[in-house]
Amino acid sequence: MATPESAALATQTQTQTHAQVEKHWYSVWAVPPEDVRARLKKLMDGLRAEFGGPQYEPHMTVVKAVSLRPDDALDKFRSACQGLKPYIATVDHVATGFCVYLQIHPTAEAVETSAHCKSHFGVKSSTPYMPHLSILYGDMTDEEMKKAQEKATILDESISSLSFQVSRLALYKTDPDDKTLKSWEKIAEYSLSPN
């Protein structure tokens, strides 16, 4: 026969298990304006046609994937966006490393936006924020990455001088184990106010 204490313990265990099941991975992205998004999609599609890799939305990661309950992630996102202002993102060059990406100049505004959002999400990092816009993910050799880097400047000759205003942030569900990226899903978007 169940005692009140064992029933309470069972309920508490179910609640804890339910909360653990509810957690997902969330990231905060800086979203380029529509005209820049279209230009980047064209570039990304051209690279993917030759080198393969998953399809995803153009973005600059502001906060890397963090595990949270959905309601908690949305509350933190809304709170983090309050008071943030639009800023200019300028491409320095096409680079390679963990992927092929556009290295964005680390202005004080870009770095401060990331630090502000990370503080709201409880994310601490020992490495400095490196704003970038990934244009090709995939399992590639160094040689293939180098070719993709060169191809990017052929597909869009002025990509290394691209500059645009970041006036929107988005909260995405981003499972780091999903290499297809098909599970990545936009949860919310926030327009930054210049005032």
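Just above sits the structure.
Computed from a prediction, not measured in an experiment: that's the story for all the values here.

Thresholds applied
Residues numbered from 1 in each chain as written. Predicted model: local features only at pLDDT ≥ 70, side-chain atom pairs only at ≥ 80, totals over all residues. Heavy atoms only, no water. Phe/Tyr/Trp six-rings, centres within 6.5 Å; stacked < 30°, edge-to-face > 60°. Helix = DSSP H or I, 4+ residues; strand = E, 2+ residues; numbered from the N terminus. Buried < 20%, exposed > 50% of the residue type's maximum accessible area, 1.4 Å probe, protein only. Axes fitted to C-alpha atoms, helices over the stretch in contact; angles between N-to-C directions. Parallel < 35°, antiparallel > 145°, perpendicular 65-115°, else oblique. Left-handed = near helix turned anticlockwise from the far one by under 90°. Contact = heavy atoms within 4.5 Å. Nonpolar A, V, L, I, M, F, W, Y, C, P; charged D, E, K, R; others polar. Salt bridge = Lys/Arg side-chain N within 4 Å of Asp/Glu carboxyl O. Pairing = 2+ DSSP bridges. Polar contact = N/O pair within 3.5 Å; in protein donor to acceptor, adjacent residues only side chain to side chain. Expected span 1.5 Å × (residues − 1).

**Describing the packing of aromatic side chains**
Here the structure, examined in full by the defined rule, presents five aromatic pairs. Ring geometry for W29 and Y172: centres 3.7 Å apart, planes at 20 degrees, overall stacked. Of this pair, W29 sits in strand β1 (residues 24-31) while Y172 sits in strand β7 (residues 168-173), placing them 143 residues apart in sequence. With centroids separated by 5.4 Å and ring planes inclined at 10 degrees, the aromatic side chains of F98 and Y101 adopt a geometry described as stacked. You can call Y101 buried: its relative accessible area is 8%.

**Focus: the packing of helix α2 (residues 34-51) against helix α5 (residues 142-155)**
Remark: α2 packs on α5, axes separated minimally by 10 Å, with the N-to-C direction vectors making an angle of 140 degrees. On the basis of the axis angle, α2 is oblique to α5. Regarding α2 and α5, the two cross each other, and that crossing is right-handed. Between α2 and α5, the contacting residues are L43, G46, L47, E50 and F51 on the first element and E144, K147, A148, K151, A152 and L155 on the second. Grouping the amino acids of the contact of α2 with α5 by side-chain chemistry returns six nonpolar, one polar and four charged.

**Notes on the pattern of salt bridges**
Pairing is possible between side chains that carry opposite charge, provided their charged atoms lie close to one another. Per the stated rule, a full pass over the model turns up 13 salt bridges. D45 is the partner of R48 in a salt bridge, and the nearest nitrogen-oxygen pair spans 2.3 Å. With R48 and D45 both in helix α2, this residue pair falls three residues apart, about one helical turn. Between K186 and E189 there is a salt bridge; the shortest N-O distance is 2.9 Å. The exposure class of K186 is partly exposed, given its relative accessible area of 42%. Accessibility expressed as a relative area gives 34% for E189, which makes it partly exposed. Residues joined by salt bridges that share partners form a network here, namely E34, R37, K41, E57, R168, K186 and E189.

**A closer look at the pairing of strand β3 (residues 87-96)**
By the bridge criterion, four bridges tie β3 to strand β6 (residues 163-166) in an arrangement that is antiparallel. Following the sheet pairing, I88 is matched in β6 by Q165. Relative to strand β4 (residues 100-104), β3 runs antiparallel, the two being bridged by five bridges. Across the sheet, T96 pairs through a bridge with V100, a residue of β4. Once β3 ends, the chain turns through three residues before running back antiparallel as β4.

**Let's talk about the side chain of S27**
With respect to the element layout, S27 can be found in strand β1. Classification of S27 as buried rests on a relative accessible area of 6%. A polar atom in the side chain of S27 sits 3.3 Å from the backbone nitrogen of A65. Those residues in contact with S27 that lie beyond four places of it in its chain are V63, K64, A65, A170, L171, Y172 and T174.

**A word on α2**
Helix length check: α2 (18 residues) gives 25 Å between terminal C-alpha atoms against 26 Å at 1.5 Å per residue, within 8%. Every buried residue of α2 is accounted for by V36, L40, K41, L43, M44, L47, R48 and F51. Immediately beyond the C-terminal end of α2, within one or two residues, lies G52, with a positive phi of roughly 80 degrees.

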